[in-house]
Amino acid sequence: MYKSLLLMSLGLIAFLPNCSQLISTQSPAPNLMNTNLASSSLADLEKTVNQQINQYRASKNLPPLTVDPRITKQARIHSENMASGKVKFSHDGFEGRVKAISIPYQNVAENVAYNMGYSDPARNAVDGWIKSDGHRKNIEGQFNLTGIGIAKNAKGEYYFTQIFVRSR
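Only a predicted model underlies this, so the values are computations on that prediction, with no experimental measurement involved. (Residues numbered from 1 in each chain as written. Predicted model: local features only at pLDDT ≥ 70, side-chain atom pairs only at ≥ 80, totals over all residues. Heavy atoms only, no water.)

**Observations regarding the packing of helix 2 (residues 69–84) against helix 3 (residues 94–101)**
Next up, step 1: Two elements in contact, helix 2 and helix 3, have axes separated by 9 Å at closest approach and are oriented at 150°. One finds that helix 2 runs roughly antiparallel with respect to helix 3. For the crossing formed where helix 2 meets helix 3, the hand is right-handed. Two secondary-structure elements touch here, helix 2 through Arg70, Ile71, Gln74 and His78 and helix 3 through Arg97, Ala100 and Ile101. (Axes fitted to C-alpha atoms, helices over the stretch in contact; angles between N-to-C directions. Helix = DSSP H or I, 4+ residues; strand = E, 2+ residues; numbered from the N terminus. Parallel < 35°, antiparallel > 145°, perpendicular 65-115°, else oblique. Left-handed = near helix turned anticlockwise from the far one by under 90°. Contact = heavy atoms within 4.5 Å.)

Spelled out as structure tokens, the structure:
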């Protein structure tokens, strides 16, 4: 049984027009595989999210987003912190993540998601974002760079962070 809770799009600080959160849960499938996926598997999921986001953008005649490793690093740190319980599932600290990226920008935004129990957690997160007005606005925004970070904890929960940047 699919259960989803969508939290409203947040404008956390002046330069953050759209930050969105998405939570999706499903009862975990029996015999979940190793709960600590190798980082290469998570990196593959991050690439999959980027491909799916860019496929969606192409369907709207929007240019693809280029993955920037500086942005990805900050997105991963945030997802890892949420997965470990170091920070709550939120956009808290977004201003610090943006500063740490050190890219001159015109605009920035962030989407986060959480899910568990899905055979394709990346597709579930992207589909949820696309179905949500706030998330979709970020995905369709006039951004040119992105970073995606995914973390999975021992409970099998996946945490996703995607940061969008319009560089100067």
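**Overview of the packing of aromatic side chains**
Next up, step 1: Taken as a whole and judged by the stated rule, the model has five aromatic pairs.
Next up, step 2: Of the aromatic side chains, those joined through ring pairs into one cluster are Phe89, Tyr114 and Tyr159. (Phe/Tyr/Trp six-rings, centres within 6.5 Å; stacked < 30°, edge-to-face > 60°.)

**Digging into the pairing of strand 6 (residues 158–167)**
Next up, step 1: Here strand 6 lies mainly inside the structure; nine of its 10 residues are buried.
Next up, step 2: Pairing between strand 4 (residues 105–115) and strand 6: 10 bridges, direction antiparallel. Note that in strand 6 the partner of tyrosine 105 across the bridge is serine 167.
Next up, step 3: Note: strand 5 (residues 145–152) against strand 6, eight bridges, orientation antiparallel. Counted as the bridge partner of lysine 152 is tyrosine 158 from strand 6.
Next up, step 4: Where strand 5 hands over to strand 6, the hairpin turn is made up of five residues, of which glycine 156 adopts a positive phi near 90°. (Buried < 20%, exposed > 50% of the residue type's maximum accessible area, 1.4 Å probe, protein only. Pairing = 2+ DSSP bridges.)

**Some thoughts on helix 4 (residues 121–131)**
Next up, step 1: Of all 11 residues in helix 4, eight are buried; the element is thus mostly enclosed.
Next up, step 2: Buried within helix 4 are the following residues: Pro121, Ala122, Asn124, Ala125, Val126, Gly128, Trp129 and Ile130.

**Notes on the pattern of salt bridges**
Next up, step 1: Enumeration over the complete set of coordinates arrives at seven salt bridges.
Next up, step 2: Close ionic contact of lysine 99 with glutamate 95 constitutes a salt bridge, the shortest N to O distance being 3.6 Å. Remark: glutamate 95 and lysine 99 occur in helix 3; sequence separation between them is four residues, near one turn of the helix.
Next up, step 3: The class for lysine 99 is exposed, based on a relative accessible area of 60%.
Next up, step 4: Using a relative accessible area of 34% as the deciding quantity, one classes glutamate 95 as partly exposed. (Salt bridge = Lys/Arg side-chain N within 4 Å of Asp/Glu carboxyl O.)

**Here's the deal with the confidence of the model for the chain**
Low-confidence regions, as indicated by low pLDDT, have predicted coordinates that should not be scrutinised in detail.
Next up, step 1: Looking at the chain as a whole, its pLDDT mean stands at 82, while 76% of the residues score no less than 70.
Next up, step 2: Within the model, the stretch residues 1–37 combines pLDDT values under 50 with 101 contacts to residues more than four positions away or in other chains. (pLDDT = per-residue confidence, 0-100.)

**Side note on the environment of arginine 76**
Next up, step 1: Within the secondary structure, arginine 76 is located in helix 2.
Next up, step 2: Judged by its relative accessible area of 32%, arginine 76 falls in the partly exposed class.
Next up, step 3: Placed 71 residues apart in sequence, arginine 76 and glycine 147 show a C-alpha to C-alpha distance of 8.5 Å.
Next up, step 4: Not counting the four nearest positions on each side in its chain, arginine 76 is found in contact with Ala43, Glu46, Ile148, Gly149 and Ile150.

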